[in-house]
Amino acid sequence: MSAKDLQKTDKIDPAKHAVTFRPRVDVLESASEYLVVADMPGVTREAIDVKFENGALTLTGRRAEESHEGASTTLTQEQRIGSFERAFAMPEDVDAEKISAELANGVLSVRLPKQSAKQPRKIEVRAS
Amino acid sequence: MFSRFNDFDRSFDVLDELRRQMDRVWGNLDEHWGFVPGREQALGAATWPRLNVVDAGANLLVSADVPGMTEKDFDITLDDGVLAIRGERKPLALEGYEVLRRERNAVRFARSIALPVKVDAEKTVARVKDGVLTISLAKAPEAKPRQIAVKGGV
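**Q** Even after reading the chapter, I still don't get the overall build of chain A, so can you show me in this structure?
**A** Scanning chain A for helices and strands turns up 2 helices and 8 strands. Starting at the N terminus and ending at the C terminus, chain A contains elements arranged as α-α-β-β-β-β-β-β-β-β. Within the span of chain A, comprising 128 residues, buried residues form 33% of the whole. When contacts within chain A are restricted to residue pairs at least 6 apart in sequence, long-range pairs at least 24 apart make up 58% of them. Taken as a whole, chain A presents about 8400 Å² of accessible surface, with 47% of it coming from carbon and sulfur.

**Q** What am I meant to see in the pattern of salt bridges here?
**A** Scanning the model with the defined rule gives 18 salt bridges over all chains in all. Among the salt bridges present, the one from Arg101(B) reaches Glu103(B), with a minimum N-O distance of 2.6 Å. On the basis of relative accessibility, which here comes to 2%, the residue Glu103(B) falls in the buried class. Residues participating in the shared-partner salt-bridge network are Asp26(A), Asp39(A), Arg89(B), Arg102(B) and Arg104(B).

**Q** Explain the nonpolar core to me, please; I cannot follow it from the model alone.
**A** What tends to happen in soluble globular proteins is that the nonpolar side chains get buried as a cluster. By size, the foremost hydrophobic cluster in this structure holds 20 residues, and its most contacted members are Val62(B), Phe74(B), Leu133(B) and Leu137(B). Those elements that provide at least two residues to this core are β1 (51-56), β2 (59-65), β4 (82-89), β6 (107-114), β7 (119-129) and β8 (132-139) of chain B. Setting aside chain neighbours within four positions, we find Leu137(B) in contact with Ala58(B), Asn59(B), Leu60(B), Val62(B), Leu78(B), Leu83(B), Leu115(B), Val119(B) and Thr124(B). Within the second largest apolar cluster, 18 residues are counted, among which are Val36(A), Ala38(A), Val94(A) and Leu108(A).

**Q** Quick question: what am I supposed to make of unusual backbone geometry here?
**A** Apart from glycine, the bulk of residues carry a negative phi angle, and the bulk of peptide bonds sit in the trans form. A positive phi is found at Asn105(A), a non-glycine position, where the angle reads about 50°. Secondary-structure assignment places Asn105(A) in the loop between β7 (100-104) and β8 (107-113).

**Q** Would you mind going over the sheet that holds β8(A) with me for this structure?
**A** Two orientations exist for strands paired in a sheet by backbone hydrogen bonds: parallel and antiparallel. With respect to topology, 5 strands assemble into an open sheet ordered β7(A)-β8(A)-β2(A)-β1(A)-β5(B), the strand pairing being antiparallel. Unpaired on one side and paired on the other, β7 of chain A together with β5 (98-102) of chain B mark the two borders of the sheet. Each strand of the sheet is rotated relative to its neighbour by a mean of 15°, with strand direction disregarded. As paired elements, strand β1 (residues 25-29) of chain A and β5(B) share 4 bridges and run antiparallel to each other. Within β5(B), the residue paired with Leu28(A) across the bridge is Val99(B).

**Q** Looking at this structure, how should I read the interface of chain B and chain A?
**A** Quoted interface sizes are often the accessible area lost when the parts come together. Between chain B and chain A, the residue contacts involve 41 residues of the former and 40 residues of the latter. Looking at the side of chain B facing chain A, the largest losses of area belong to Tyr97(B), Arg101(B) and Arg104(B), adding up to 17% of the total buried there. For the pair chain B and chain A, the interface holds 7 salt bridges. Between Asp26(A) and Arg104(B) there is a salt bridge, with the nearest N and O atoms lying 3.3 Å from each other. The interface formed by chain B and chain A holds 26 residue pairs in polar contact (both at pLDDT 80 or more) in total. Listing elements by their share of the side of chain B that touches chain A, those giving two or more residues are α1 (3-33), β1, β2 and β5 of chain B. By residue number, the principal contributor to the side of chain B that touches chain A is β1(B), which donates 6 residues. Here the residues of the side of chain B that touches chain A are counted per class, giving 18 nonpolar, 9 polar and 14 charged.

**Q** Explain the packing of aromatic side chains to me, please; I cannot follow it from the model alone.
**A** For any two aromatic rings, the description comes down to two numbers: the centre-to-centre distance and the angle of the planes. For the structure shown, the criterion picks out 3 aromatic pairs over all chains. Seen in terms of ring centroids, Phe74(B) and Phe109(B) are 6.4 Å apart; in terms of plane orientation they differ by 55°. Their pairing is tilted. Residue Phe74(B) is found in strand β3 (residues 74-79), and its partner Phe109(B) is found in strand β6; the two are separated by 35 residues along the sequence. Here Phe74(B) matches Phe109(B) in class, with each residue buried. Linked through ring pairs, Trp48(B), Phe74(B) and Phe109(B) together constitute an aromatic cluster. Lying across the ring of Tyr34(A), Lys114(A) places its NZ or CZ 4.9 Å from the centre.

**Q** I keep staring at the pairing of β8(B) and nothing clicks. Help me out?
**A** As a general feature of sheets, a regular strand has side chains that alternate between the two faces. All names here are of chain B. Judged by how many residues are buried, β8 sits mostly within the fold: 8 of 8 residues are covered. Covered by surrounding structure in β8 are Val132, Thr134, Ser136 and Ala138 together with Leu133, Ile135, Leu137 and Lys139, the residues of both alternating faces. Pairing between β2 and β8: 7 bridges, direction antiparallel. Within β8, the position partnered with Leu60 by the bridge is Leu137. Alignment of β7 against β8, held across 7 bridges, turns out to be antiparallel. Of the residues in β8, the one forming a bridge with Val128 is Leu133.

Cut-offs applied
- Residues numbered from 1 in each chain as written.
- Chains lettered and ligands numbered in written order.
- Predicted model: local features only at pLDDT ≥ 70, side-chain atom pairs only at ≥ 80, totals over all residues.
- Heavy atoms only, no water.
- Helix = DSSP H or I, 4+ residues; strand = E, 2+ residues; numbered from the N terminus.
- Buried < 20%, exposed > 50% of the residue type's maximum accessible area, 1.4 Å probe, protein only.
- Contact = heavy atoms within 4.5 Å.
- Areas by Shrake-Rupley, 256 points an atom, 1.4 Å probe, with all protein chains shown as cover.
- Salt bridge = Lys/Arg side-chain N within 4 Å of Asp/Glu carboxyl O.
- Core = buried A, V, L, I, M, F, W, Y, C linked by side-chain atoms within 4.5 Å.
- Pairing = 2+ DSSP bridges.
- Axes fitted to C-alpha atoms, helices over the stretch in contact; angles between N-to-C directions.
- Buried area = accessible area lost by both parts, 1.4 Å probe.
- Polar contact = N/O pair within 3.5 Å; in protein donor to acceptor, adjacent residues only side chain to side chain.
- Nonpolar A, V, L, I, M, F, W, Y, C, P; charged D, E, K, R; others polar.
- Phe/Tyr/Trp six-rings, centres within 6.5 Å; stacked < 30°, edge-to-face > 60°.
- Lys NZ or Arg CZ within 6 Å of the ring centre and 35° of its normal.

What follows is the structure, encoded as structure tokens:
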């Protein structure tokens, strides 16, 4: 490795060297739905792709590097930028048609309602 | 006579380097897996929130990833060139919901940064947008970059 290469490695461009990162996720369940909550600070709504296919929920997207006016130098870079992905196998009773997602304060919440047919149903016994 | 001790010292340097490399390996695993059970507790408060520091010419920008938190959740102080951010993120708890998986832990944090330049404390602005806290610190006049005109010869 030449001195020039060393200089190059010293100036790491986080956008090029970042691996796909995995946002932290909480999964909750109530009687009527599943709730998947993911930390996505600095990510815009348009940059998130929520997909449900073959019983799997996939969250993918990209966090863009923050732009600054004029010349700027990054002194510390701990925030993860670049693409992210998480995937979860969901239980069979998810009603795929009714899934909704919302982004607020850098937190993505995906609601996956349960199919009403799978909820306990009371069958009336009639007299003949 | 001292050469042996010097050699001895250097052998520890090798261990230090090895340790740094191992830290990097674990750091990379953290990136790949996102969540390494058991490491959360140890890392938690010391590395949360993730910070960026940017020198933007006239200002110094300190930003922190604080998803789910709002302005009132922070206690920010600037004392003798040290910026301190304190706060607490509460765990997500909803009535009638059972937690199946928990990675977004509650954390009580305190991080401080020794600022590399003098700043004008009066002009500090902090705001939260999209789960990112950004603190803008105006550099003191003597620390601002100065454009020096190069004059032609006589």
